[in-house]
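As a plain string of letters, each chain reads:
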Amino acid sequence: MRRGSSESELAARWEAEAVAAAKAAAKAEAEATAETAAEQVRVDSGAAGEPERKAGEEQPEAPVPAQPSAAEEGDARVPQRPPPTLPPSKPKPAQGLCLHGKPLGKGRSCKRSSGHRSGENGYQRPVTVDSSKARTSLDALKISIRQLKWKEFPFGRRLPCDIYWHGVSFHDNDIFSGQVNKFPGMTEMVRKITLSRAVRTMQNLFPEEYNFYPRSWILPDEFQLFVAQVRMVKDGDPSWKPTFIVKPDGGCQGDGIYLIKDPSDIRLAGTLQSRPAVVQEYICKPLLIDKLKFDIRLYVLLKSLDPLEIYIAKDGLSRFCTEPYQEPTPKNLHHIFMHLTNYSLNIHSSNFVHSDSASTGSKRTFSSILCRLSSKGVDIKKVWSDIISLVIKTVIALTPELRVFYQSDIPTGRPGPTCFQILGFDILLMKNLKPILLEVNANPSMRIEHEHELSPGVFENVPSLVDEEVKVAVIRDTLRLMDPLKKKRENQSQQLEKPFAGQEDALDGELTSAPDSNANPEAHLPSICLKQVFPKYAKQFNYLRLVDRMANLFIRFLGIKGTMKLGPTGFRTFIRNCKLSSSSLSMAAVDILYIDITRRWNSMTLDQRDSVCLFTGMCLQAFVEAFFFLAQRKFKMLPLHEQVASLIDLCEYHLSLLDEKRLVCARGIPSGGRPAHRGTPQESSPSAQLAGDNLQPRTSCANKLSHPRHTLS
């Protein structure tokens, strides 16, 4: 009986200890699970860490509770029974060790938990940036990536990266995924001739809204027109003594720019044929500071083309001339250090002042200029409002043709990256504080150092604190806005809040604070320096986007994906589908219109060959000219912008009916089941009513144009 009772007591004790061990293991497992928020799941096979165990591979044994020794139990002859099998448990790691038992460095996570993993505890693989084509912006980009704690690949990468940073153009690399910091066609669109043509189209539609760009003529095509218009104005006002500035189309950094007082001073001998140019009215009364002329370099982020998103940096750079300004005379026209604000020119002046102060020297921050103006009683909000308006209107002028470039390089349905781009807007403030657009740079310099001449011909690069302050912030915050993993991190942090809230009591203070730091990885960074201006102010500017709507029509009838020019068949289809032909406009007249306009525009194309002149097709700007002609013909006695808007409405109406009809046919609905007839275009379309005998103004458009101008802050 003693032996039996001894065995039953021993079994009962084993059972009690096993239950206690199971409870302890379960508690330890719960604590370990709460601390790590579940084991992280591997995202791809390239991630650092241990390989996943294959099916059937031996699993690690669970820790077994210590068995009581025979001496403790008092009977060495009693056979030891194995304790009950317990489920595997994960022991809580010791303080200072990771889940895998390895020591943690300050501010670092376990290597096995990093890389391409994203688990429930909020850890996220870093964003990858290919900087192999960054060129002159490389230093500022490296600093920005370091501040964001992202992963840079300076020599490229076999696997795709999240972001590709190009120094020159979209085509620096062949990319099929991710994001790239260039739009296709942007370099071509901001060349001086193309920009002037785009703004001129908008000036024809909205002359008052686009008076921030100087009157321009394209050389050599418009040389005779330039001479005739100047002579006509002088005949009407003999006291008018203008100055003009000639800018080569492909020039940069002040190369080839010169001033003239008369059209006869233009250097015609051979240069214009090989190097076309733009001639503009020179702004003779600029705002001066310390008796010096200066301009403003503002950085603008085009985050998206469709939908349109525009951001403006809250600070920029002011570049100063190095000779006191005087109004142009025949004697000082050649003084480039007096009239041209280009940094690349003035840096060679003996008067150029390098300064680490933001408010002194030949290059300063724009914010320091605003502070100085504010101290003199200038309404800074009004200045900013006018600048924002200028930027939005300029981008609206550029986007139609950019969309044509975009669909050519990245057709709908084909793989390709998404695009964004930092633009450099050069703006001049007149004496009355009105901003004037000088030019737009597709590749603004992002260098954060300047050259210092040690001895004649010997230079060294010296850091520029003013450049670094402005440019690093612009690049860093552009990357923050384009962060492809931001939404994923936000979703994970929201999921983390629920489980952690229920386990608050079980976790120590260090563990409880972990999710918060991971949920906001940008907590150590300053606020974003880029301010959204569109679509924030879209309601005030959407009425200007008529050419964008024309571009929609143009792209619809291109026919072949990847092309940029409309063929004769496509143009005829556009006329037929929009029902623009009539007894007064036959299809033969449409063909003649197409041939005349296409031939003239193709003759202005620099790379044009006479033998293929006719067959290259109609570009967007030629289509816009043809559209203007059709609008003026159909809707007479109205301002041009109302004529164009009316014709766009009419085209969109007929195309919507056509799309509806095709949709009905595709669904196989019999003709009797079609929706009720909405009336003829003359009855139903608001714009088509303008074609009647009693033409009334477009009230919606008129109201938009008569709205008071709001301050954009």
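Right above here is the structure, for reference.
This one's a predicted model, so the numbers in the text were calculated from it and none came from an experiment. (Residues numbered from 1 in each chain as written. Predicted model: local features only at pLDDT ≥ 70, side-chain atom pairs only at ≥ 80, totals over all residues. Heavy atoms only, no water.)

(A) The arrangement of the overall build of the protein in detail. Each helix and strand counted, the protein has 22 helices and 19 strands in total. Counting over 713 residues, the protein shows a buried share of 46%. Counted over contacts in the protein with a minimum sequence separation of 6, partners at least 24 positions apart contribute 68%. Carbon and sulfur atoms make up 53% of the accessible area of the protein, which amounts to about 37800 Å² in all. (Helix = DSSP H or I, 4+ residues; strand = E, 2+ residues; numbered from the N terminus. Buried < 20%, exposed > 50% of the residue type's maximum accessible area, 1.4 Å probe, protein only. Contact = heavy atoms within 4.5 Å. Areas by Shrake-Rupley, 256 points an atom, 1.4 Å probe, with all protein chains shown as cover.)

(B) Layout of empty space enclosed by the protein. Going through the model one piece at a time under the given rule, you end up with four cavities of 30 Å³ or more. Lining the largest cavity are 19 residues, and of these I245, K247, K293, L340 and L438 sit closest to its centre. Tallied by class, residues from the lining of the largest cavity come to eight nonpolar, four polar and seven charged. (1 Å grid on protein atoms, 1.4 Å probe; cavity = no way out; pocket = protein on both sides within 12 Å on 5 of 7 lines; lining within 4 Å. Points joined across faces, edges and corners; volume = space filled by probe spheres on them. Nonpolar A, V, L, I, M, F, W, Y, C, P; charged D, E, K, R; others polar.)

(C) Geometry of the packing of helix α5 (residues 192-205) against helix α11 (residues 380-409). In contact at an axis separation of 9 Å, α5 and α11 are set at 105 degrees when each is read in the N-to-C sense. One element, α5, and the other, α11, form an angle in the roughly perpendicular class. On α11, the residues that touch L195, A198 and M202 of α5 are T394, I396, A397 and L398. The class makeup of the residues in the contact of α5 with α11 is six nonpolar, one polar and no charged. (Axes fitted to C-alpha atoms, helices over the stretch in contact; angles between N-to-C directions. Parallel < 35°, antiparallel > 145°, perpendicular 65-115°, else oblique.)

(D) Representation of unusual backbone geometry. Residue P220 follows L219 across a cis peptide bond; omega there is 10 degrees. Tracing the sequence through the fold places P220 in the loop between β5 (216-219) and α6 (223-236). For the bond running from F534 to P535, omega is 15 degrees, close enough to zero to count as cis. Of note, P535 is situated in the loop between β19 (530-534) and α15 (538-541). The phi torsion at K291 lies on the positive side, around 65 degrees, for a residue other than glycine.

(E) Inspection of the packing of aromatic side chains at higher detail. Under the counting rule described, the total for this entry stands at 18 aromatic pairs. Centre to centre, the rings of F226 and F244 are 5.1 Å apart; their planes meet at 90 degrees, and the pair counts as edge-to-face. Residue F226 is found in helix α6, and its partner F244 is found in strand β6 (residues 244-248); the two are separated by 18 residues along the sequence. In this pair, the class of F226 matches that of F244, namely buried. These aromatic residues form a ring-pair network of at least three members: F554, F557, F571, F574, Y594, F623 and F627. The cationic tip of K363 hangs over the ring face of Y343; the distance from NZ or CZ to the ring centre is 3.7 Å. Lying across the ring of F320, R364 places its NZ or CZ 4.2 Å from the centre. (Phe/Tyr/Trp six-rings, centres within 6.5 Å; stacked < 30°, edge-to-face > 60°. Lys NZ or Arg CZ within 6 Å of the ring centre and 35° of its normal.)

(F) Inspection of the side chain of D295 at higher detail. Within the element layout of this structure, D295 appears in strand β10 (residues 292-305). The exposure class of D295 is buried, given its relative accessible area of 2%. At 2.9 Å, the side chain of D295 forms a polar contact with the side chain of R319. In terms of polar contacts, D295 uses its side chain to reach the side chain of T341, at 2.9 Å. D295 has contacts with L317, S318, R319, T341, D426, I427 and L438, leaving out every residue within four places of it along the chain. (Polar contact = N/O pair within 3.5 Å; in protein donor to acceptor, adjacent residues only side chain to side chain.)

(G) Region of the structure containing the sheet that holds strand β3 (residues 163-166). The strand order across the open sheet formed by five strands is β2-β1-β3-β4-β14, and the pairing between neighbours is parallel. Unpaired on one side and paired on the other, β2 (151-153) and β14 (418-419) mark the two borders of the sheet. Across two bridges, the pairing between β3 and strand β4 (residues 179-180) is parallel. Residue pairing across strands places Y164 opposite V180, the latter belonging to β4. (Pairing = 2+ DSSP bridges.)

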